[in-house]
Amino acid sequence: AQTVTQSQPEMSVQEAETVTLSCTYDTSESDYYLFWYKQPPSRQMILVIRQEAYKQQNATENRFSVNFQKAAKSFSLKISDSQLGDAAMYFCAYRSSGGTSYGKLTFGQGTILTVHP
Amino acid sequence: DAGITQSPRHKVTETGTPVTLRCHQTENHRYMYWYRQDPGHGLRLIHYSYGVKDTDKGEVSDGYSVSRSKTEDFLLTLESATSSQTSVYFCAISDPRKSYEQYFGPGTRLTVT
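The model shown is predicted, which means the values in this text are computed figures rather than measured ones. (Residues numbered from 1 in each chain as written. Chains lettered and ligands numbered in written order. Predicted model: local features only at pLDDT ≥ 70, side-chain atom pairs only at ≥ 80, totals over all residues. Heavy atoms only, no water.)

Some thoughts on the overall build of chain A
Here comes step 1: Secondary structure summary: chain A contains zero helices and twelve strands in total.
Here comes step 2: Helices and strands in chain A line up, N terminus first, as β-β-β-β-β-β-β-β-β-β-β-β.
Here comes step 3: Its C-alpha atoms give chain A a radius of gyration of 14 Å, near enough to 13 Å, the size a compact globule of 117 residues would have.
Here comes step 4: Principal-axis analysis of the C-alpha atoms gives chain A an extent of 45 × 30 × 20 Å.
Here comes step 5: Carbon together with sulfur atoms contributes 46% to the accessible area of chain A, which is approximately 5,600 Å² in total.
Here comes step 6: The distance from the centre of the 10 positive side-chain charges to the centre of the 10 negative ones in chain A is 7 Å. (Helix = DSSP H or I, 4+ residues; strand = E, 2+ residues; numbered from the N terminus. Rg over C-alpha atoms; globule rule 2.2 N^0.38 Å. Areas by Shrake-Rupley, 256 points an atom, 1.4 Å probe, with all protein chains shown as cover. Lys, Arg positive; Asp, Glu negative; His and termini not counted. Charge placed at Lys NZ, Arg CZ, Asp CG, Glu CD.)

As structure tokens, then:
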């Protein structure tokens, strides 16, 4: 079974600065997807970014980018020019690519990000 | 936003009582999921459905059952609620025709006293 570990329960950053959230995972599969989800106080789960394991290029979405190290099984999220609205719980998640996985997600424990003005 | 609703949004119940949570989607997505969120554990899969009347267990299925009689509805039942089932419950949907992208409902906060 796959596992996802987020070793930073809490992180903080000053507004306009850059912060990196860490995620490691364990799998024996070669093809899979990785995700970062944001959960603000409203509790809504919002997809921030996704990475396909067969793509070597790191995914980027505006101020959000990832550092995907497949051999090290590491998937970190970098938030540049942090904004107050970035304050939230962030979850790393894994999904197998095979059809028999039925799209199930395995989540990490979450990291609470605080943004200081 | 994907059309996913959950009801009720909040519920307080007593130990030993049965509880049913409902997830309703208007997206005609084939797959549906129930997760629970607890501090220190992230979200964990309880049960999932890959079609009408087709369901299977997830990581933390003990004490829960599910049913899906229509594409749009996925019910989660706690047969006899316990305090350990106090949690926030999320429903999600996905579809292989749309790259299994998973969309989440707003969540239900359940408190078992």
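As for the packing of aromatic side chains
Here comes step 1: Per the counting criterion, the structure on display carries 22 aromatic pairs over all chains.
Here comes step 2: Taken together, the ring pairs connect Tyr33, Phe35, Tyr37, Phe91 and Phe107 of chain A together with Tyr33, Tyr35, Phe90 and Phe104 of chain B into an aromatic cluster.
Here comes step 3: If you follow arginine 95 of chain A out to its NZ or CZ, it ends over the ring of tyrosine 33 of chain A, 4.3 Å from the centre. (Phe/Tyr/Trp six-rings, centres within 6.5 Å; stacked < 30°, edge-to-face > 60°. Lys NZ or Arg CZ within 6 Å of the ring centre and 35° of its normal.)

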